[in-house]
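# Results of the structural survey
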Amino acid sequence: MPKVLIATVKPFAKAAVDQIKSVFDKAGYEYLFLEKYNGESELIEAVKDVDAMIIRSDKVTPAVIDAAGNLKIVVRAGAGYDNVNLEAATAKGITVMNTPGQNSNAVAELVMGMMVFQARNHFNGTSGSELKGKKIGIHAYGNVGKNVARIAKGFGMEVAAFDPFVPKETIEADGVQVFDKVEDMYADCDYVSLHIPANQHTIKSINRELLLYMKDNAVLINTARKEVINEDDLIKVFEEKTGFQYLADVAPDNKAEIAEKFEGRFFFTPKKMGAQTSEANINAGKAAANQIIGFIEKGDTTFKVN
Ligand code: 3PG
């Protein structure tokens, strides 16, 4: 009977846990949940005899892979898999998958929520501004970007996007303006929302040079990864562009300095919570469980990323 480890430092909602259990019960699989654990050593211990793993932002390091003698598949219940060491997994013949699209509406709703919160001055009772009539630029038009576009239109916003990997016609079919040059989009929008993955090409790529193209009171929203921001440059941009605002899920490493110097111009979630909804947890958790069963029973490698 295959054994699955569900390792989540940040646990799934109870409803999702119940549904994941039910998927594995029906398939006759064994499973164990390792939630809110403290550090790699606990994960190393738990992974020893399992055939499959479901994770969220949990770090699957070479040491974890090394300890996992029977492991055949890791499914990241979510979109970004920058937390999995793909080289180590591939070297051991372990398949890595994600569950694209399953939590994207939740992340997109957080984008809009943070924008409203900022536009209304953190609900402090003073007059703020509205999103209607403002322009949002979506940096990378994947599943989350597409959902942001859909909801932003409902708010009456003008919507634009930059994504060299998605055909122009696909984006335009959603009634979204396409920019061929990223700088032009940053220069033209009141809000820019980041949806790029964190990889060798994108880490620290959101830098001073690019951010200085933004309008004076523009708002940057980052629900992607904090690593894509050049945090030293971020401080410089806050200083040089005195209306610049930054909303992020989650806080940059230099959040204390930002909080001390730039009051009212930022908001950071205390913990990454874009995908923290019951619905997203159920969608991504169940998809991950079903992908594991499909892979083990039928060799289905849809959504393999390595
Ligand atoms: C993702 O990549 O899917 C999101 O960042 C969600 O991450 P989480 O599962 O850690 O909440």
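Residues numbered from 1 in each chain as written. Predicted model: local features only at pLDDT ≥ 70, side-chain atom pairs only at ≥ 80, totals over all residues. Heavy atoms only, no water.

Taken together, the residues surrounding the ligand are Lys-10, Arg-56, Ser-57, Arg-76, Gly-78, Ala-79, Gly-80, Asn-103, Arg-225, Lys-272 and Ala-275. Measuring from an oxygen atom of the ligand, one finds a side-chain N or O atom of Lys-10 at 2.7 Å. At a separation of 2.9 Å, an oxygen atom of the ligand approaches a polar side-chain atom of Asn-103. Taking 320 Å² as the accessible area of the ligand by itself, protein coverage stands at 94%. For the shell around the ligand, the per-class residue count stands at 2 nonpolar, 4 polar and 5 charged. (Near = heavy atom within 4 Å. Polar contact = N/O pair within 3.5 Å; in protein donor to acceptor, adjacent residues only side chain to side chain. Areas by Shrake-Rupley, 256 points an atom, 1.4 Å probe, with all protein chains shown as cover. Nonpolar A, V, L, I, M, F, W, Y, C, P; charged D, E, K, R; others polar.)

Right, let's get into the sheet that holds strand E4 (residues 73-76). Taken in spatial order, the 5 strands make up an open sheet running E2-E1-E3-E4-E5, and their pairing is parallel. This sheet does not close on itself; its edge strands, each paired only once, are strand E2 (30-35) and strand E5 (95-98). The sheet shows a mean angle of 15° between the axes of neighbouring strands, direction not considered. The strands touched by helix H1 (residues 14-27) are strand E1 (3-8), E2 and strand E3 (52-55); relative to E2, the strand with the most contacts, the crossing angle is about 160°. In the packing of helix H12 (residues 278-298) onto the sheet, the strands contacted are E1, E3, E4 and E5, and the crossing angle to E3 comes to about 160°. (Pairing = 2+ DSSP bridges. Helix = DSSP H or I, 4+ residues; strand = E, 2+ residues; numbered from the N terminus. Axes fitted to C-alpha atoms, helices over the stretch in contact; angles between N-to-C directions. Contact = heavy atoms within 4.5 Å.)

Before going further, it helps to examine unusual backbone geometry. Between Asp-249 and the following residue, Val-250, the backbone shows a cis peptide bond with an omega angle of 25°. Within the secondary structure layout, Val-250 lies in the loop between strand E11 (245-248) and helix H11 (255-261). The backbone of Phe-123 shows a phi angle near 55°, a positive value even though the residue is not glycine. Tracing the sequence through the fold places Phe-123 in the loop between helix H5 (104-119) and strand E6 (135-139).

Turning our attention to the environment of Lys-92. Relative to the helices and strands, Lys-92 resides in the loop between helix H4 (86-91) and E5. For the pair Lys-92 and Gly-69, spaced 23 residues apart in the sequence, the C-alpha separation amounts to 9.6 Å. Apart from residues no more than four positions distant in its own chain, Lys-92 is found in contact with Ile-65, Asp-66, Ala-68 and Gly-69.

Along helix H10 (residues 231-240), the residues that are buried comprise Glu-231, Asp-233, Leu-234, Ile-235, Val-237 and Phe-238. Regarding H10, its N-cap is Asn-230, as a side-chain oxygen of that residue lies 3.2 Å from the backbone nitrogen of Asp-232 further along. (Buried < 20%, exposed > 50% of the residue type's maximum accessible area, 1.4 Å probe, protein only.)

Looking now at the nonpolar core. Tyr-186, Ile-206, Leu-211, Leu-220, Phe-244 and Tyr-246 are the most contacted members of the largest nonpolar core, which totals 33 residues. Residue assignment for this core shows that the elements contributing at least two residues are strand E7 (158-162), helix H8 (182-188), strand E9 (191-194), helix H9 (208-211), H10, E11 and strand E12 (266-268). Residue contributions to this core peak at 4 residues, all from H10. Among all residues touching Leu-211, those that are not within four sequence positions of it are Tyr-186, Ile-206, Leu-220, Leu-234, Val-237, Lys-241 and Phe-244. Among the nonpolar cores identified, the runner-up in size contains 28 residues, and Val-148, Val-166, Ile-171 and Val-176 belong to it. (Core = buried A, V, L, I, M, F, W, Y, C linked by side-chain atoms within 4.5 Å.)

On domain assignment, one finds that the protein chain holds domain 1 (3-102 + 277-298) and domain 2 (105-268). Centre-to-centre, using C-alpha coordinates, domain 1 lies 30 Å away from domain 2. Opposite the 7 residues of domain 1 that make contact, domain 2 presents 4 residues. Between domain 1 and domain 2, the buried area comes to about 420 Å², and carbon and sulfur atoms account for 47% of it. By the criterion of area lost to domain 2, the three top residues of domain 1 are Asp-82, Gly-101 and Thr-277, representing 67% of everything that side buries. The interface formed by domain 1 and domain 2 holds 1 salt bridge in total. If you look at where domain 1 meets domain 2, you find 1 residue pair in polar contact (both at pLDDT 80 or more). The class makeup of the residues in the side of domain 1 that touches domain 2 is 2 nonpolar, 3 polar and 2 charged. (Domains from an automatic or database assignment. Buried area = accessible area lost by both parts, 1.4 Å probe. Salt bridge = Lys/Arg side-chain N within 4 Å of Asp/Glu carboxyl O.)

The geometry of H5 relative to helix H6 (residues 143-154) is characterised by a closest axis approach of 8 Å and an angle of 50° between their N-to-C directions. As summarised for this structure, H5 and H6 are arranged oblique, according to the angle between their axes. For the pair H5 and H6, the sense of crossing is right-handed. In this structure, H5 contributes Ser-104, Asn-105, Val-107, Ala-108, Glu-109, Val-111 and Met-112 to the contact, and H6 contributes Asn-143, Val-144, Asn-147, Val-148, Arg-150, Ile-151 and Ala-152. In terms of residue class, the contact of H5 with H6 is built from 8 nonpolar, 4 polar and 2 charged. (Parallel < 35°, antiparallel > 145°, perpendicular 65-115°, else oblique. Left-handed = near helix turned anticlockwise from the far one by under 90°.)

We now examine the packing of aromatic side chains. Scanning all chains against the criterion turns up 9 aromatic pairs. Between Tyr-246 and Phe-268, the ring centres sit 5.9 Å apart and the planes meet at 65°, which makes this aromatic pair edge-to-face. Here Phe-268 lies in strand E12 and Tyr-246 lies in strand E11, a separation of 22 residues in the sequence. When sorted by exposure, Tyr-246 lands in the same class as Phe-268, which is buried. Within the aromatic cluster, the residues linked to one another by ring pairs are Phe-24, Tyr-29, Tyr-31 and Phe-33. (Phe/Tyr/Trp six-rings, centres within 6.5 Å; stacked < 30°, edge-to-face > 60°.)

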